[in-house]
Amino acid sequence: MTDVPVRRARARAGWIFRPRVRSAIIQILLVALIGLAGWYIFQTTRQNIAAQRLVTGFDFFWVESGFSISQTLIPFSENNTYARAFLVGLLNTLFVSALGVVLATVIGFLVGIGRLSQNWIISRLCGAYVEIIRNLPLLFQILFWYLAVLTALPVPRQSISIFDEIFVNNRGITVPKFVFGEGGGFVFGAAAIGILLAFVVSWLARRRTVATGKPLRVWPLNLALVVGLPLACFLYFGVSVSIDQPVLKGFNFVGGLRIIPEFLALLIALATYTAAFIAEIVRAGILAVPRGQTEAASALGLRRSKVLRLVVVPQALRVIVPPLTSQYLNLIKNSSLAVSIGYPDLVSVFAGTTLNNTGQAIEILGITMLVYLCISLVISFAMNIYNRRIALKER
Amino acid sequence: MKRLSFLFPLAMSVAFAGVAQAGTLDDVKARGSILCGVSGGLAGFSQPDDKGNWTGIDVDFCRAIAAAVFNDPTKVKFLPLTAKDRFTALQSREIDVLSRNTTWTSSRDTSLGLNFAGVVYYDAQGFMVRKAAKVSSALELSNTTVCVQSGTTTQLNLGDYFRSNNMKYEAVVFNTADEVIKAYESGRCDVFTTDVSQIYAERLKLSKPDDHMILPELISKEPLGPVVRHGDDQWFDIVKWVLFAMINAEEYDVSQKTIDQRLKSDRPDVKRLLGIEGNYGEQLGLTNDWVVRVIRHVGNYGEIFDRNVGANSRLKIERGLNKLWSKGGIQYAPPVR
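Residues numbered from 1 in each chain as written. Chains lettered and ligands numbered in written order. Predicted model: local features only at pLDDT ≥ 70, side-chain atom pairs only at ≥ 80, totals over all residues. Heavy atoms only, no water.

1. Description of the overall build of chain B
Here is step 1: Counting its regular elements, chain B contains 14 helices and 14 strands.
Here is step 2: On C-alpha atoms alone, chain B measures out to a radius of gyration of 21 Å, which is about the 20 Å that the 2.2 N^0.38 rule sets for 337 residues.
Here is step 3: For chain B, the spread of C-alpha atoms along the principal axes amounts to about 60 × 50 × 40 Å.
Here is step 4: Going through the 337 residues of chain B one by one, you find that 60% of them count as buried. (Helix = DSSP H or I, 4+ residues; strand = E, 2+ residues; numbered from the N terminus. Rg over C-alpha atoms; globule rule 2.2 N^0.38 Å. Buried < 20%, exposed > 50% of the residue type's maximum accessible area, 1.4 Å probe, protein only.)

2. As for the overall build of chain A
Here is step 1: Counting secondary structure elements, chain A contains 12 helices and 8 strands.
Here is step 2: Whereas a compact globule of 395 residues would reach a radius of gyration of roughly 21 Å, chain A reaches 29 Å, over 25% beyond that.
Here is step 3: The principal-axis extents of the C-alpha atoms in chain A amount to approximately 105 × 75 × 50 Å.
Here is step 4: Buried positions account for 39% of the 395 residues belonging to chain A.
Here is step 5: Summed over its atoms, the accessible surface of chain A is roughly 23000 Å², and 68% of this surface lies on carbon and sulfur atoms. (Areas by Shrake-Rupley, 256 points an atom, 1.4 Å probe, with all protein chains shown as cover.)

3. Side note on the nonpolar core
Here is step 1: Within the largest apolar cluster, 64 residues are counted, with the highest numbers of intra-cluster contacts made by Ile-34, Ile-65, Val-97, Trp-235, Val-242, Met-246 and Trp-290 of chain B.
Here is step 2: When residues of this core are assigned to their parent elements, the largest contribution, 12 residues, is made by helix α9 (residues 233–251) of chain B.
Here is step 3: Contacts of Val-242 of chain B, omitting those with residues within four sequence positions, involve Phe-61, Ala-64, Ile-65, Ala-68 and Trp-290 of chain B.
Here is step 4: With 57 residues, the next largest nonpolar core counts Ala-279 and Leu-324 of chain A together with Ile-181 and Leu-206 of chain B among its residues. (Core = buried A, V, L, I, M, F, W, Y, C linked by side-chain atoms within 4.5 Å. Contact = heavy atoms within 4.5 Å.)

4. What about the interface of chain B and chain A?
Here is step 1: Each partner contributes residues to the interface: chain B has 55 residues there, and chain A has 53 residues.
Here is step 2: There are 4 salt bridges connecting chain B and chain A.
Here is step 3: Note that Glu-170 of chain B is salt-bridged to Arg-258 of chain A, the shortest N-O span being 2.3 Å.
Here is step 4: Linking chain B with chain A are 13 residue pairs in polar contact (both at pLDDT 80 or more), by the criterion used here.
Here is step 5: Taken together, the elements giving at least two residues each to the side of chain B that touches chain A come down to α1 (2–16), α4 (86–91), β9 (144–149), α6 (153–164), β10 (169–174) and α7 (177–185) of chain B.
Here is step 6: Examining the composition of the side of chain B that touches chain A, we find that 8 residues originate from one element, α1 of chain B, more than from any other.
Here is step 7: Along the lines of polarity and charge, the residues of the side of chain B that touches chain A split into 23 nonpolar, 20 polar and 12 charged. (Salt bridge = Lys/Arg side-chain N within 4 Å of Asp/Glu carboxyl O. Polar contact = N/O pair within 3.5 Å; in protein donor to acceptor, adjacent residues only side chain to side chain. Nonpolar A, V, L, I, M, F, W, Y, C, P; charged D, E, K, R; others polar.)

5. Here we look at the packing of helix α4 (residues 120–133) of chain A against helix α8 (residues 261–287) of chain A
Residues and elements named next belong to chain A.
Here is step 1: Viewed as axis vectors pointing N to C, α4 and α8 meet at an angle of 120 degrees, and their least axial separation amounts to 9 Å. The orientation of α4 relative to α8 falls into the category oblique. For the crossing formed where α4 meets α8, the hand is left-handed. Along the contact surface, α4 presents Tyr-129, Val-130 and Ile-133, while α8 presents Thr-272, Tyr-273, Ala-275, Ala-276, Ala-279 and Glu-280.
Here is step 2: A class-by-class count of the residues in the contact of α4 with α8 yields 7 nonpolar, 1 polar and 1 charged. (Axes fitted to C-alpha atoms, helices over the stretch in contact; angles between N-to-C directions. Parallel < 35°, antiparallel > 145°, perpendicular 65-115°, else oblique. Left-handed = near helix turned anticlockwise from the far one by under 90°.)

6. Here's the deal with the domain arrangement of chain A
Here is step 1: Domains assigned within chain A are domain 1 (3–51) and domain 2 (82–153 + 260–390).
Here is step 2: If you average the C-alpha positions of domain 1 of chain A and of domain 2 of chain A, the two centres end up 45 Å apart. (Domains from an automatic or database assignment.)

7. Points about the state of the cysteines
Two cysteines form a disulfide when their sulfur atoms are joined by a covalent bond.
Residues and elements named next belong to chain B.
Here is step 1: In total, this model carries 2 disulfides over all chains according to the counting rule given.
Here is step 2: Between the sulfur atoms of Cys-147 and its disulfide mate Cys-189 the distance is 1.9 Å. A torsion of 75 degrees about the S-S bond marks the disulfide between Cys-147 and Cys-189 as right-handed. Highlighted residues: Cys-147 in strand β9 and Cys-189 in the loop between α7 and β11 (191–195), separated in sequence by 42 residues. (Disulfide = S-S within 2.5 Å.)

8. Structural notes on the domain arrangement of chain B
Residue and element names in this part refer to chain B.
Here is step 1: Split by domain assignment, chain B resolves into domain 1 (2–122 + 224–327) and domain 2 (125–220).
Here is step 2: The gap between the C-alpha centroids of domain 1 and domain 2 is 29 Å.
Here is step 3: A buried area of about 1300 Å², summed over both sides, lies between domain 1 and domain 2, and 58% of it is on carbon and sulfur atoms.
Here is step 4: Interface area lost by domain 1 to domain 2 is led by Leu-42, Lys-84 and Leu-315, which between them contribute 28%.
Here is step 5: For the pair domain 1 and domain 2, the number of links is 0 salt bridges.
Here is step 6: At the junction of domain 1 and domain 2, the tally comes to 2 residue pairs in polar contact (both at pLDDT 80 or more). (Buried area = accessible area lost by both parts, 1.4 Å probe.)

9. Brief notes about the environment of Ser-33 of chain B
Residues and elements named next belong to chain B.
Here is step 1: Locating Ser-33 in the fold gives a position in the loop between α2 (24–31) and β1 (34–39).
Here is step 2: A relative accessible area of 6% means that Ser-33 is categorised as buried.
Here is step 3: Every residue in contact with Ser-33, bar those within four places of it in the chain, is listed here: Val-28, Phe-70, Lys-75, Val-76, Lys-77 and Asp-96.

10. Notes on the sheet that holds strand β8 (residues 257–259) of chain A
Residue and element names in this part refer to chain A.
Here is step 1: The sheet built from 4 strands is open, its strands ordered β1-β2-β3-β8 with antiparallel pairing. With one partner strand each, in any of the chains shown, β1 (160–162) and β8 form the two edges of the open sheet. Across this sheet, the average inter-strand angle for adjacent strands is 20 degrees, counted without regard to direction.
Here is step 2: Where strand β3 (residues 172–175) lies against β8, 3 bridges are found, and the strand directions are antiparallel. What sits directly across from Val-175, in β8, is Leu-257. (Pairing = 2+ DSSP bridges.)

11. Some points on the packing of aromatic side chains
Here is step 1: Per the counting criterion, the structure on display carries 26 aromatic pairs over all chains.
Here is step 2: On the numbers, 6.0 Å between centres and 80 degrees between planes, the contact of Tyr-161 of chain B with Phe-162 of chain B is edge-to-face. By the burial criterion, Tyr-161 of chain B is buried, and Phe-162 of chain B matches it.
Here is step 3: When the ring of Trp-241 of chain B is compared with that of Phe-244 of chain B, the centres are 4.9 Å apart and the planes differ by 80 degrees; the resulting orientation is edge-to-face. Taken as a pair, Trp-241 of chain B and Phe-244 of chain B lie in helix α9 at a separation of 3 residues, close to a single helical turn. Take Trp-241 of chain B and Phe-244 of chain B: they sit in the same class, and that class is buried.
Here is step 4: The rings of Phe-60, Phe-61, Trp-62, Phe-86 and Phe-350 of chain A are connected pair by pair, giving a single aromatic cluster.
Here is step 5: Residue placement shows Arg-130 of chain B over the ring face of Tyr-184 of chain B; its charged tip is 4.5 Å from the ring centre.
Here is step 6: Sitting above the plane of the Phe-236 of chain B ring, Lys-240 of chain B keeps its charged end 4.3 Å from the centroid. (Phe/Tyr/Trp six-rings, centres within 6.5 Å; stacked < 30°, edge-to-face > 60°. Lys NZ or Arg CZ within 6 Å of the ring centre and 35° of its normal.)

12. Comments concerning the confidence of the model for chain A
Here is step 1: In the predicted model, chain A carries a mean pLDDT of 87, and the fraction of residues at 70 or more is 96%.
Here is step 2: Mean pLDDT in chain A bottoms out at helix α1 (residues 3–14) of chain A, which sits at 63, and peaks at α8 of chain A, which reaches 95. (pLDDT = per-residue confidence, 0-100.)

13. Focus: the sheet that holds β9 of chain B
Backbone hydrogen bonds hold the strands of a sheet together, and the pairing may be parallel or antiparallel.
Residues and elements named next belong to chain B.
Here is step 1: Here we have 5 strands laid out as an open sheet, ordered β10-β9-β11-β8-β12, and mixed in their pairing. In this open sheet, the two strands that pair with only one neighbour each are β10 and β12 (212–214). Direction aside, the axes of adjacent strands within the sheet are offset by 30 degrees on average.
Here is step 2: Inspection of the sheet shows strand β8 (residues 125–130) paired to β12 by 3 bridges, in the antiparallel sense. Counterpart to Met-128 in the pairing with β12 is Ile-214.
Here is step 3: Against the sheet, helix α8 (residues 196–203) engages β8, β9, β11 and β12, with an angle of about 125 degrees to β11.

Laid out in structure tokens, this is it:
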């Protein structure tokens, strides 16, 4: 009889001890605390900046840069703005990263498979490659390629010439450049469309093979699309092609297309270093496929190449892709070591020269971090989609 | 990433440092030493010797401030900084004064939130090439590759000079002075460019210094001086007047050798400078014998010049513009009174 009011009183006093209420309160407090800390940081930064009368904001982007950059994928001169310098640096970072990822993947797969080879010499060579490369610091390897290999090449006057067309010296590799006349754009457009169509054809053919069980021969059609289409376009429009040949004039070669040693050193170092890690990931992936799978496939009468392509690799990829993503992200972030050899990447051009000339450290470092974050998120997003596609589908 | 990871805490310390802008002099006294940002290794300006002691004109200037404040020139901590990191380090209170062959320009003086306290060395930018290249003028440098340090006025002057003379060039940009001279020596570049004083110093690092020559063209004005933060006038005054006092001391023939004798001088300007008359040191927040301390421990302007970059050094650079105004140069200091 006295029970009910007591229980009610306890309930009234105890609402604060209910798990849901309590956890809500704790979470609100935590968020408030983090928010306050953020607000405090923001306010003190603002006051400190105001006290020192530092210039802030993003107006510097539209100021003439006044410096030049040694490798630019888009035209750039001293008259261009810092915004364009930012773009040049970003493109250089993306360029070396993209090529690095492709090269590292190719080398990594070859070495990883090679290490499992029955051939004693090949497997030991691949093993030695992995153990040496991945155990030496990357910065050291970049400096090695740059100082000990590439800048040790002869001076331009004593270039190593290959058929008098390609010149290799300590300023890089100079090759002749094809210059397309009017209508050149159509040819490149046709090539792009050709490649796209070839993919569509392969996809359709695959679907048909799956549906009917009959293999289709598509490579002649694809060859025609990829090579024939741009060629036809080229002949139809009568596009003129001239060759811009490099000529030694005074100190350096003029004309042609030059690949600077900073780029080469960074690309080689990044690709070989990351490849050593990828090789181990690939080896682990292949070894993770149970032996019974290979034996079962062989028992079905599949050739060895088909066993690999249809049975082993798809299952191995499930193990390979997630750690592979981390390696790609590492490669992209490691590309910022470019600073040490003067390759004009985002960190060197933007977080280096631009930061120093404008002095706006907070804005520039913020943007640089944001850019690396965005690149990394896009890569891991794309890799996650790919991973979902190849993941085991349970029906 | 190495650079970024260094710059990040710098930027963050702007965010976290308390709002109160306490006087730098009080901070320095409480700490018991001055934090001085210098170059990592530039002969004549700031370089550790074989015993690990810092030497150079920029180093001696910081020692002079320590002598004025503490009567002890060793109460300085030297922080080697790259050209790229130096301003951020000063802005974020990592150092009290930047004495690192830094060119005085309007934007650095204003938008970076800094104050230049004077000119320790009047410099100019020049070019170094190999003698074998058979070049006698900078105007023949069209189509060359130039090695240059990032984040310097040098990099921008280079652009201006080649652009205004319609010459093509390729700039290879490195972070540290060491990387620049290494790349030049390896043959990556035809031309090495920086301030002339620095070319003299860097040339000593080459395996055959005599195979290289400095071209006659000087393409810019590079007044190098010590830098402090905006917002602390007392500290700005101290740094400024230590420099002025050293120049005045040379003018009045007050040196490490003559100081005891000059203390007995009857000349009123010498008496004011050495604190025998007036309380000019106390007005700065120091003691009245501040100049005596500076001269006794470090020397006057002429002495630190000769010892580090001039006649008595390995560099043997002429005084040139850096002579006193009374001897045909442009070094001139306002009077102490």
